[in-house]
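Spelled out, the chains give:
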Amino acid sequence: MSTQYTSKQSKGIGSPIRRRRFLLGAVLLIGILLFFFFPWEIPLSFNGTLSSMSSVARLTKSKKVDVGEIYGLLHLVTGDNEQEHVLSNAVQLDPTLPVDLSFYAAGDSTLDWHKERARIDENYPVIVFSKTYCPYSKRAKELLASYDLQPPAKIIEVDIRDDGNVIKHLLTRLTHHSTFPNILLRGKSIGGSDSLQELHGNKSLRKLLEEAGATPGSK
């Protein structure tokens, strides 16, 4: 009798169901121990790949430069003379408020502004907004001419343009310089005649012109 009972008891303990439960419990226990006490980290090769991808993404983003509104204005003044009517005929235009680049494109929806910015910077690295009768403008133009720049400074005589008054207001807002001349190097104003003379006096103007892409003569 006791022998039969012992045999059944042993058979129950070693049954497949009991063994599976025991194994599952052991696996669960090991999993918990590994989860809480094993120093998990991303493998170096995978982590390195992620870091590389992030670096490439950041680099790509940093290379993409937004085109400022000033290039819309420069697009108009360096283009065909007929383009001045884009500003002079715009009755509803308020030049003291931001203007969308599409307005400066005069309806050309295919214009690539990043390429246009590059074109302007390459062909017209130095742009001078001038007035024909202004002695300060004349002084600045003469100084720049003495540098024998290639390409030469692009001179915009605002007072003989139909849109001259609009350009003045746009320049005041976009460059924070309200008088003439207004001298731009690669789309950024360096001020007027006094600023130009000061840069020339302290021997830094040549370097600025070269950095902008305008090569001074050997003089």
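Since the structure is predicted, the reported quantities are computational estimates derived from the model, not experimental observations.

Chemist: Mind showing me how you'd approach the nonpolar core here?
Modeler: One recurring pattern in soluble globular proteins: nonpolar side chains tend to sit buried together. Judged by nonpolar contacts, the single largest core of 26 residues is most densely connected at L73, L74, L87, Y104, F129 and I167. Per element, the largest residue contribution to this core is six residues, and it comes from helix 4 (residues 70-77). When neighbours within four sequence positions are excluded, L73 is seen to be in contact with L87, Y104, F129, I167, L170 and L171. If you look at the next biggest cluster of nonpolar residues, it comprises 15 residues, including V126, A140, L143 and I183.

Chemist: Could you clarify how one ought to interpret the pattern of salt bridges in this entry?
Modeler: Side-chain pairs of opposite charge can arise whenever the charged atoms involved come near each other. One pass over the full model with this rule turns up six salt bridges. The residue R186 makes a salt bridge to D121 at a minimum N-O spacing of 3.7 Å. With a gap of 65 residues between them, R186 in the loop between strand 3 (182-185) and strand 4 (188-191) and D121 in helix 7 (residues 113-123) connect regions that are remote in the sequence. By relative accessible area, which is 37% here, R186 ends up partly exposed. A relative accessible area of 7% places D121 in the buried class. Each of R117, D121 and R186 takes part in salt bridges that share partners, so that together they form one network.

Chemist: Is there a simple way to think about the sheet that holds strand 3 in this case?
Modeler: Ordered by their spatial adjacency, four strands build an open sheet running 2-1-3-4, and the pairing between neighbours is mixed. Each of the sheet's edge strands pairs with one partner strand only, and the pair in question is strand 2 (154-157) and strand 4. Between one strand axis and the next, the sheet turns through 25° on average, direction left out of account. Sheet topology note: the strand 1 (residues 126-130)/strand 3 ladder contains four bridges and is antiparallel. Bridging from a neighbouring strand, V128 pairs with I183 of strand 3.

Chemist: What's the story with helix 8 (residues 135-146) in this structure? I'm lost.
Modeler: At 3.6 residues per turn, the α-helix brings residues three or four places apart onto the same side. Over its 12 residues, helix 8 extends 17 Å from the first C-alpha to the last, a length consistent with the 16 Å expected when each residue adds 1.5 Å. Turning to helix 8, its buried residues are S137, A140, L143 and L144. End-on, the buried residues of helix 8 take up no more than an arc of 130°, which puts them together on one face. Looking at helix 8, the residues exposed on the side facing more than 90 degrees away from the buried face are P135, K138 and A145. On the buried face of helix 8, the contacting elements are strand 1, strand 3, helix 10 (193-201) and helix 11 (205-212). In the stretch just after helix 8, D148 is the one whose phi turns positive, near 50°.

Cut-offs used in this document
- Once a new chain begins, its residue numbering starts again from 1 and follows that chain's sequence as written.
- Local features in this predicted model are restricted to residues of pLDDT 70 or higher, and side-chain atom pairs are both shown and tallied only at a pLDDT of 80 or more, whereas totals for entire chains, interfaces and linings draw on every residue.
- Note that water and hydrogens are dropped before the side-chain values are worked out from all heavy atoms of the structure.
- By nonpolar core we mean a set of buried residues, namely Ala, Val, Leu, Ile, Met, Phe, Trp, Tyr and Cys, connected to one another through side-chain atoms within 4.5 Å.
- Throughout, exposure labels follow a simple rule: accessible area from a 1.4 Å probe, protein chains only, divided by the maximum for the residue type, with under 20% read as buried, over 50% as exposed, and the rest as partly exposed.
- Helix and strand definitions follow DSSP, with helices as H or I runs of at least four residues and strands as E runs of at least two, each counted in order from the N terminus.
- Pairs of residues are marked as contacts when any of their non-hydrogen atoms sit within 4.5 Å.
- One side-chain nitrogen of Lys or Arg within 4 Å of one carboxyl oxygen of Asp or Glu is enough to make a salt bridge.
- When DSSP finds two or more bridges between a pair of strands, those strands are recorded as paired.
- Convention adopted: a line fitted to C-alpha atoms gives each axis, helices being fitted over their contacting stretch, and angles between N-to-C directions are expressed from 0 to 180 degrees.
- Between the first and last residue of a helix there are one fewer steps than residues, each counted as 1.5 Å, and that sum is the expected span.
- This arc is taken over the directions from the axis of the helix to the C-beta atoms.

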